[in-house]
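The primary structure of each chain is shown beneath.
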Amino acid sequence: KKLNMDELETVDDIVHVDNNTLHQAFQELGFHKLALLYSAAQDEARTKMAANLSKKIASVVAEEAQNRTVDDAELADLEDELISLIKEIKGRRGK
């Protein structure tokens, strides 16, 4: 099922976003934020995240995520930041 951009709510919804957009968004976020998002993500979203990162960065993100405890408020803010970034990137491309 494909989600409308307005329906994106959590990190797990990234499975419905195209790879080019995710790749760009992940570059802008940086690996510390990605590690937190990765630690909170389900397997399908983790796989999609890793596929849109270089092998080296994906390895660093996965390793750092193992040692992260997820603060709900911080996670909610980061999810909002990621989703806003995805929408902004989509808007830049006129989609």
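Here the structure is shown first, and the text comes after it.
Here goes a summary of the coordinates provided. Quick caveat, the model's predicted, so the values are computed rather than measured. (Residues numbered from 1 in each chain as written. Predicted model: local features only at pLDDT ≥ 70, side-chain atom pairs only at ≥ 80, totals over all residues. Heavy atoms only, no water.)

## Here we look at the nonpolar core
Moving on, step 1. Ile-14, Phe-26, Leu-34, Leu-37, Met-49, Leu-82 and Ile-86 are the most contacted members of the largest nonpolar core, which has 29 residues in total.
Moving on, step 2. Among the secondary structure elements, those contributing two or more residues to this core are helix 1 (19-29), helix 2 (31-40), helix 3 (43-51), helix 4 (55-66) and helix 5 (72-92).
Moving on, step 3. In terms of residues, this core owes the most to one element, helix 5, which gives 7 residues.
Moving on, step 4. Ignoring sequence-local partners within four residues, the contact set of Phe-26 consists of Ile-14, Leu-34, Met-49, Asn-52, Leu-53 and Leu-82. (Core = buried A, V, L, I, M, F, W, Y, C linked by side-chain atoms within 4.5 Å. Buried < 20%, exposed > 50% of the residue type's maximum accessible area, 1.4 Å probe, protein only. Helix = DSSP H or I, 4+ residues; strand = E, 2+ residues; numbered from the N terminus. Contact = heavy atoms within 4.5 Å.)

## Considerations on the pattern of salt bridges
Moving on, step 1. Within this structure, the stated rule accounts for 4 salt bridges.
Moving on, step 2. Notably, a salt bridge pairs Glu-81 with Lys-33, separated by 2.8 Å at the nearest N-O pair. Of this pair, Glu-81 sits in helix 5 while Lys-33 is found in helix 2, placing the two residues 48 residues apart along the sequence.
Moving on, step 3. Residue Glu-81 is classed as partly exposed on the basis of its relative accessible area, which comes to 34%.
Moving on, step 4. The exposure class assigned to Lys-33 is partly exposed, which follows from its relative accessible area of 31%.
Moving on, step 5. The partner of Arg-68 in a salt bridge is Glu-74, and the shortest N-O contact between them spans 3.7 Å.
Moving on, step 6. Judged by its relative accessible area of 27%, Arg-68 falls in the partly exposed class.
Moving on, step 7. You can call Glu-74 partly exposed: its relative accessible area is 36%.
Moving on, step 8. Beyond isolated ion pairs, a larger network of salt bridges with shared partners links Glu-64, Arg-68 and Glu-74. (Salt bridge = Lys/Arg side-chain N within 4 Å of Asp/Glu carboxyl O.)

## Considerations on a nonpolar patch on the surface
Moving on, step 1. A cluster of nonpolar residues, Phe-31, Ile-57 and Val-60, forms a patch on the protein surface that exposes about 200 Å² of accessible area.
Moving on, step 2. Position of Phe-31 relative to the elements: it lies in helix 2.
Moving on, step 3. A residue is classified by how much of its surface remains accessible, and Phe-31, at 33% relative accessible area, is partly exposed. (Patch = residues over 30% accessible without salt bridge, like charges linked within 9 Å, V, L, I, M, F, W, Y side chains within 5 Å. Areas by Shrake-Rupley, 256 points an atom, 1.4 Å probe, with all protein chains shown as cover.)

## Topic: helix 4
Moving on, step 1. With 12 residues, helix 4 should reach 16 Å at 1.5 Å per residue; the first-to-last C-alpha distance of 17 Å fits that figure.
Moving on, step 2. For helix 4, the set of buried residues is Ala-58, Val-61 and Ala-65. Each buried residue of helix 4 sits inside an arc of 65° when the element is viewed along its axis, so together they form one side. Structural note: helix 4 exposes Lys-55, Lys-56, Glu-63 and Gln-66 on the side pointing more than 90 degrees away from its buried face.
Moving on, step 3. Buried-residue contacts for helix 4 involve helix 2 and helix 3. (Expected span 1.5 Å × (residues − 1). Arc of directions from axis to C-beta.)

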